[in-house]
Amino acid sequence: PRRCTPTGACSPRMPFVDVGGARLEVERIDVGRASGAPIVMLHEGLGSVSMWKDFPHRVAHGANRNVLVYSRAGYGRSSPAKRPYGVRYMHDEAL
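Computed from a prediction, not measured in an experiment: that's the story for all the values here.

What counts, and where the lines are drawn
- Residues numbered from 1 in each chain as written.
- Predicted model: local features only at pLDDT ≥ 70, side-chain atom pairs only at ≥ 80, totals over all residues.
- Heavy atoms only, no water.
- Pairing = 2+ DSSP bridges.
- Helix = DSSP H or I, 4+ residues; strand = E, 2+ residues; numbered from the N terminus.
- Buried < 20%, exposed > 50% of the residue type's maximum accessible area, 1.4 Å probe, protein only.
- Phe/Tyr/Trp six-rings, centres within 6.5 Å; stacked < 30°, edge-to-face > 60°.
- Core = buried A, V, L, I, M, F, W, Y, C linked by side-chain atoms within 4.5 Å.
- Contact = heavy atoms within 4.5 Å.

This part is about the pairing of strand 2 (residues 16–19). Pairing of strand 2 with strand 3 (residues 22–30), which is carried by 4 bridges, proceeds in the antiparallel orientation. Its bridge partner lying in strand 3, Val19 is registered against Ala22. Taking the residues that link successive antiparallel strands as the turn, the strand 2-strand 3 hairpin has 2 residues, and the phi of Gly20 there is positive, at about 55 degrees.

Laid out in structure tokens, this is it:
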């Protein structure tokens, strides 16, 4: 896990996880003794981890919650997506 200060200074990150045949870029912001369940941030249709910039850090420290951000397959530094996309693509990606 990546421990970060409210200003965004962080320890080394966990860059990838393998899920469902894809290698996904991830960033976990660990605030230590979090006050509740982690927050998982889903990017919009064309986004990625890097497009969030410092927002996940501000959310984590403002809410005192650990945060997980990831890039879906085909975005950011994640592996290419399997295509064509079905009509349930966005729904299934959110699960």
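Text resumes after the structure shown.
For strand 3, the buried fraction is high: 7 of the 9 residues fall into the buried class. Summarising the sheet, strand 3 and strand 5 (residues 67–70) pair through 4 bridges and their orientation is antiparallel. Opposite Arg28, over in strand 5, you have Leu68 as the bridge partner.

It is worth spelling out the packing of aromatic side chains at this point. The tally for this structure, following the rule as stated, stands at 1 aromatic pair. Each ring, one from Trp52 and one from Phe55, has its centre 5.9 Å from the other, and the planes form 15 degrees; the classification is stacked.

With that settled, the discussion passes to the nonpolar core. By size, the foremost hydrophobic cluster in this structure holds 8 residues: Ile29, Val31, Met41, Val49, Val59, Ala60, Val67 and Val69. Secondary-structure elements contributing two or more residues to this core are helix 1 (55–63) and strand 5. Those residues in contact with Ala60, other than ones at most four positions away along the chain, are Ile29, Val31, Arg65 and Val67. One finds Ala22, Val26, Tyr70 and Ala81 within the second-largest nonpolar core, a separate group that totals 6 residues.

Any link to function would need more than the numbers given here.
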